[in-house]
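As a plain string of letters, each chain reads:
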Amino acid sequence: MKKSYISKYIVGAGIIILSSCKVGGDVNVSPNQSPSAVSGFMLTSALQAIGGINGAGATTNINSFAGELYSQYLAETQYTNESLFSLKQYDYQGYYTGPLTDLKTVITVNTDPVKKSQSIVTRFGSNNNQIAAARILSAFVYLTMTDRWGDIPYTQALNGAANFSPAFDAQKDVYAALMKELDEAQQQFDDKGNLDATADILFGGDSGKWKRWANSLHAIMALRLSKVDPTTGRAEFAKAVAGGLMTSNGDNATYKYLAAQTNENPYYNNYRNRYDYAVSGLVVNTLHSLNDPRLPVYAAPTSSNTYVGLPYGTYADALTAYSIGTRSKPGNISQIGLAVSDQNSPSVWTSYAQVLFTQAEAAHLGWIPGGDNAAASFYDQGVNASLTQNGVSATDAAAYTAQATIKFSASTAMEQIMLQKWIAGFLGNGWETWAEYRRTGLPKLLDPVPGSLSPGQMIPRRQQYPQTELDQNKANYNTVIARQGPDALNTRVYWDKK
């Protein structure tokens, strides 16, 4: 039988497995290595993979270049194939072979009757707490994947030799399974102390923050069903709220890069010598028009000490009119602001502001009590949470929110909520912002993108499956495209309805 890439799903990036040949004693057993997978290291490894360890913008990186381009936060300065959608197939193998395998190992070790009580395992927290965190982080990864590709291998994935050709689960079923996972996982945390803070580089071991993140992700997923299945969406949203959502910026799911090249912000890494990305004209012009104090946070001044964005989708000869320059010698378009692209600038995967805007929309839809009065309150809190997150002073925040263009109006509720949600998401989780654009069509991005290579030059509705599926999992690939639609950029995923 021909083995596909799925065989790699049983190989963890940091698992230490030792074999011993007993010839005259355990001469092949290293005294410096553990005979068991170290669960805390597996959690750290998974988080680093999602954060984009080594600053290289790896395929598993939530704060990826492609996601930020799809959301039109950035524009490419020289190689424009991603902003013009000439890259159609994106490979999801790295998710399975990297963080998902690591997280499965955490769960396996903490449920193994022999290993789960070993000090090398329990030093990182109780079994239940380690399992719960791994389940939540796995759900976050799978959510990103299913929103990018639609139907994906889920129930038959990560089974190694037991199944080299996994079937694809329908996105509707993946969503239902993930919401169930998040609900159960946040309830699984026990009172036996927090996770080890050195292993949990996302929340510093705080179980309460993990629980609130799980419920917030649950709410985000529930709202994604607003057009395709609002009845289920509303019921699931209620579960998430009952569980407890994020309560402050202190709950933000923040990946903290280091002031070291081994784990640095990917945009700092790119600006070391390439300068492939400028702040898009849409970001700069929008923030200019709103007198938004986040502009000097998101963008760096040009050589003339102004803020100028690069029009999204600029390509070929038209690019010659623009120069991004270097950090020490800026050009005529704005680089990414140092506050969000320094070597150790953090990336916020899910923010309190985002969750507040999610509740604002839910109130506007009538999913939670209070109607538009509640929507206005959540909206105002969301704007202020983002301003605070970005270091805006109380005086500047008050002046900004006092503007007529910023004050909430029920007649333009969705436009305002989604615009502020988009602004707040800058360089956080571009895949999430792209998903919300596909769901709502807001805010108004450049769509179609002139010169792009997608069908109708429109922003893609999904990404195409990796070539390995066509080559090595053909029967299941044919089944999924018969169910979901052509493996094309303009095929809509389950929740993406016109």
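These remarks concern the structure in this document. (Residues numbered from 1 in each chain as written. Predicted model: local features only at pLDDT ≥ 70, side-chain atom pairs only at ≥ 80, totals over all residues. Heavy atoms only, no water.)

Digging into the overall build of the protein
Okay, step 1: If you tally the helices and strands in the protein, you get 19 helices and 4 strands.
Okay, step 2: By the compact-globule yardstick of 23 Å for 498 residues, the protein fits well, its C-alpha radius of gyration being 23 Å.
Okay, step 3: Viewed in the frame of its principal axes, the protein has a C-alpha envelope of about 80 × 55 × 50 Å.
Okay, step 4: For the protein, with 498 residues in total, the buried portion stands at 57%. (Helix = DSSP H or I, 4+ residues; strand = E, 2+ residues; numbered from the N terminus. Rg over C-alpha atoms; globule rule 2.2 N^0.38 Å. Buried < 20%, exposed > 50% of the residue type's maximum accessible area, 1.4 Å probe, protein only.)

A word on unusual backbone geometry
Okay, step 1: Here the residue pair Leu442 and Pro443 is connected by a cis peptide bond, since its omega of -5° sits within 30 degrees of zero.
Okay, step 2: In this structure, Pro443 sits in the loop between helix H17 (430-440) and helix H18 (467-472).
Okay, step 3: Pro448 follows Asp447 through a cis peptide bond whose omega is 15°.
Okay, step 4: Turning to its location among the elements, Pro448 is positioned in the loop between H17 and H18.
Okay, step 5: Positioned with a positive phi, Gln72 is a non-glycine residue whose angle comes to about 60°.
Okay, step 6: Phi angles above zero are rare outside glycine, and Leu158 is one such case at about 65°.
Okay, step 7: By secondary structure assignment, the location of Leu158 is in the loop between helix H5 (127-149) and helix H6 (171-188).

Quick look at the packing of aromatic side chains
Okay, step 1: Inspection of every chain in the model, using the stated rule, returns 30 aromatic pairs.
Okay, step 2: On the numbers, 4.7 Å between centres and 85° between planes, the contact of Tyr142 with Tyr154 is edge-to-face. Of this pair, Tyr142 sits in helix H5 while Tyr154 sits in the loop between H5 and H6, and the two are 12 residues apart along the sequence. Here the two residues Tyr142 and Tyr154 agree in accessibility, since each one is buried.
Okay, step 3: Taking the centre distance of 6.4 Å and the plane angle of 75° together, the rings of Tyr267 and Tyr277 count as edge-to-face. Of this pair, Tyr267 sits in helix H9 (residues 266-270) while Tyr277 is found in strand S3 (residues 277-279), placing the two residues 10 residues apart along the sequence. Exposure class is identical for Tyr267 and Tyr277. Each is buried.
Okay, step 4: Through successive ring pairs, a cluster of aromatic residues spans Tyr92, Tyr95, Tyr96, Tyr142, Trp149, Tyr154, Phe168, Tyr465 and Tyr477.
Okay, step 5: When the ring centre of Trp434 is taken as origin, the NZ or CZ atom of Arg438, which lies over that ring, is 3.6 Å away. (Phe/Tyr/Trp six-rings, centres within 6.5 Å; stacked < 30°, edge-to-face > 60°. Lys NZ or Arg CZ within 6 Å of the ring centre and 35° of its normal.)

Quick notes on the packing of H5 against H6
A pair of packed helices is captured by two measures, namely the crossing angle of their axes and the spacing between those axes.
Okay, step 1: Between H5 and H6, the shortest axis-to-axis distance is 9 Å and the interhelical angle comes to 155°. What the angle tells us is that H5 and H6 run roughly antiparallel. Considering only the axes of H5 and H6, their crossing is left-handed. Listed contacts from H6 to Asn128, Asn129, Ile131, Ala132, Arg135, Ile136, Ala139, Tyr142, Leu143, Thr146 and Asp147 of H5 are Gln171, Val174, Tyr175, Leu178, Glu181, Leu182, Glu184, Ala185 and Gln188. (Axes fitted to C-alpha atoms, helices over the stretch in contact; angles between N-to-C directions. Parallel < 35°, antiparallel > 145°, perpendicular 65-115°, else oblique. Left-handed = near helix turned anticlockwise from the far one by under 90°. Contact = heavy atoms within 4.5 Å.)

Comments concerning the side chain of Thr254
Okay, step 1: Within the secondary structure layout, Thr254 lies in strand S2 (residues 253-255).
Okay, step 2: Owing to a relative accessible area of 14%, Thr254 belongs among the buried residues under this scheme.

Things to note about the pattern of salt bridges
Okay, step 1: Within the structure shown, the criterion is met by 18 salt bridges.
Okay, step 2: For Glu184, the salt bridge goes to Arg135, with nearest N and O atoms at 2.8 Å. You can see Glu184 sitting in helix H6 and its partner Arg135 sitting in helix H5, a full 49 residues away along the chain.
Okay, step 3: The exposure class of Glu184 is partly exposed, given its relative accessible area of 31%. (Salt bridge = Lys/Arg side-chain N within 4 Å of Asp/Glu carboxyl O.)

Quick word on the nonpolar core
Okay, step 1: Within the largest apolar cluster, 133 residues are counted, with the highest numbers of intra-cluster contacts made by Leu137, Tyr142, Met145, Trp210, Trp213 and Trp349.
Okay, step 2: For this core, the element with the most residues is H5, which contributes 12 residues.
Okay, step 3: Excluding its chain neighbours within four sequence positions, the residues that come into contact with Trp213 are Ile136, Leu137, Phe140, Leu202, Phe203, Met246, Ala253, Trp349 and Thr350. (Core = buried A, V, L, I, M, F, W, Y, C linked by side-chain atoms within 4.5 Å.)

Quick notes on the layout of surface pockets
Okay, step 1: Taken as a whole, the largest pocket encloses approximately 570 Å³ of empty space.
Okay, step 2: Lining the largest pocket are 39 residues, and of these Ser347, Val348, Ser351, Gln389 and Ala424 lie nearest its centre.
Okay, step 3: Those elements giving two or more residues to the lining of the largest pocket turn out to be helix H11 (295-298), helix H12 (338-341), strand S4 (347-350), helix H16 (413-424) and H17.
Okay, step 4: When grouped by side-chain class, the residues that make up the lining of the largest pocket number 17 nonpolar, 17 polar and 5 charged. (1 Å grid on protein atoms, 1.4 Å probe; cavity = no way out; pocket = protein on both sides within 12 Å on 5 of 7 lines; lining within 4 Å. Points joined across faces, edges and corners; volume = space filled by probe spheres on them. Nonpolar A, V, L, I, M, F, W, Y, C, P; charged D, E, K, R; others polar.)

Regarding the side chain of Ser334
Okay, step 1: Along the chain, Ser334 turns up in the loop between H11 and H12.
Okay, step 2: The exposure class of Ser334 is buried, given its relative accessible area of 0%.
Okay, step 3: Ignoring sequence-local partners within four residues, the contact set of Ser334 consists of Ala278, Val279, Ala299, Ala300, Thr302, Thr306, Tyr307 and Val308.

Some details on empty space enclosed by the protein
Okay, step 1: Applying the stated rule across the entire model yields 3 cavities of 30 Å³ or more.
Okay, step 2: Roughly 70 Å³ of internal volume is contained in the largest cavity.
Okay, step 3: Along the walls of the largest cavity sit Phe140, Leu143, Thr144, Asp147, Arg224, Asn429, Trp431 and Glu432, which together make up its complete lining.
Okay, step 4: If you list the elements that add at least two residues to the lining of the largest cavity, you get H5 and H17.
Okay, step 5: At 4 residues, the largest contribution of residues to the lining of the largest cavity is made by H5.
Okay, step 6: Here the lining of the largest cavity is built from residues that sort into 3 nonpolar, 2 polar and 3 charged.
Okay, step 7: Roughly 40 Å³ of internal volume is contained in the second largest cavity.
Okay, step 8: If you trace the second largest cavity, you find it lined by Phe140, Leu143, Leu217, Ile220, Trp349, Thr350, Gln354, Asn429 and Glu432.
Okay, step 9: Mapped onto the lining of the second largest cavity, the elements with two or more residues apiece are H5, helix H7 (207-223) and S4.
Okay, step 10: Of the residues belonging to the lining of the second largest cavity, the class tally is 5 nonpolar, 3 polar and 1 charged.

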